[in-house]
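A look at the structure
Here's the letter readout for the chains.
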Amino acid sequence: VIFSICSVVGNGIYVLAGTAGKSYAGSSLVISLILASIIDGGVCLAFAEYSSRYNVIGSNYIFTYITSGEILGYLIGFSEFICAILP
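So, how was this worked out
- In every chain, residue numbers begin from 1 and rise along the written sequence.
- Note on the predicted model: pLDDT of at least 70 is required for a residue's local features to be given, and 80 or more for side-chain atom pairs to be given and counted; whole-chain, interface and lining totals, by contrast, use all residues.
- By convention in this description, side-chain values take in all heavy atoms of the structure and omit both hydrogens and water.
- pLDDT gives the predictor's per-residue confidence on a scale running from 0 to 100.
- Working definition: helices are DSSP H or I runs of at least four residues, strands are E runs of at least two. Numbering for both runs from the N terminus.
- Exposure classes here rest on a 1.4 Å probe applied to the protein chains alone. A residue is buried below 20% of its type maximum, exposed above 50%, and partly exposed in between.
- Residue contacts are defined here by distance: any two heavy atoms, one from each residue, within 4.5 Å place the two residues in contact.
- Note that patches include only residues with greater than 30% relative accessible area and no salt bridge, and the join distances are 9 Å for like charges and 5 Å for nonpolar side chains (Val, Leu, Ile, Met, Phe, Trp, Tyr).
- Using the Shrake-Rupley algorithm and a 1.4 Å probe, accessible areas are obtained, with residue cover drawn only from the displayed protein chains.
- Take a side-chain nitrogen of Lys or Arg and a carboxyl oxygen of Asp or Glu: if they are within 4 Å of each other, that pair is a salt bridge.

**So, the confidence of the model for the chain**
Looking at the chain, the pLDDT average stands at 75 and 74% of residues meet or exceed 70. Here helix α1 (residues 2–25) stands out as the least confident element of the chain, with mean pLDDT 63; helix α4 (residues 70–85) is the most confident, with 86.

**Section: the side chain of Thr 64**
Positionally, Thr 64 belongs in helix α3 (residues 60–68). Among the residues examined, Thr 64 registers a relative accessible area of 18% and is labelled buried. What Thr 64 contacts, discounting residues up to four positions off in sequence, is Gly 69, Leu 72, Gly 73 and Ile 76.

**Section: a nonpolar patch on the surface**
On the surface, a cluster of nonpolar side chains totalling about 880 Å² of accessible area is made up of Ile 71, Leu 72, Tyr 74, Leu 75, Phe 78, Phe 81, Ile 85 and Leu 86. Position of Leu 86 relative to the elements: it lies in the segment after α4. By relative accessible area, Leu 86 is classed as exposed at 52%.

**A word on the pattern of salt bridges**
Applying the stated criterion across every chain, the model contains 1 salt bridge. Salt-bridge contacts for Glu 49 lead to Arg 53; the nearest nitrogen and oxygen are separated by 2.9 Å. Highlighted residues: Glu 49 and Arg 53, both in helix α2 (residues 29–53), separated by 4 residues, approximately one helical turn.

**Let's talk about the environment of Tyr 74**
Among the structural elements, Tyr 74 can be located in helix α4. Looking at Tyr 74, the relative accessible area reads 53%, which means it is exposed. For the pair formed by Tyr 74 and Ile 62, sequence separation is 12 residues and the distance between their alpha carbons is 9.5 Å.

Below is the structure:
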């Protein structure tokens, strides 16, 4: 659970807010950071809910496979693999 939270926080706040701040936010960067933090908190709560409901060790692939089926689980797993090998 801690690894998932660290991953979500790192990707959600730093990457999303940096990209949005550079491209769209301008002088309202603080509001953009607060909005990204709120969205990131919701994602963290969803991961906590899934990990407490389903007693398996996994990531987005396992949770999607259990809740939505094999095809969506495969697509999520494949996209995670592609994101891991691309720089």
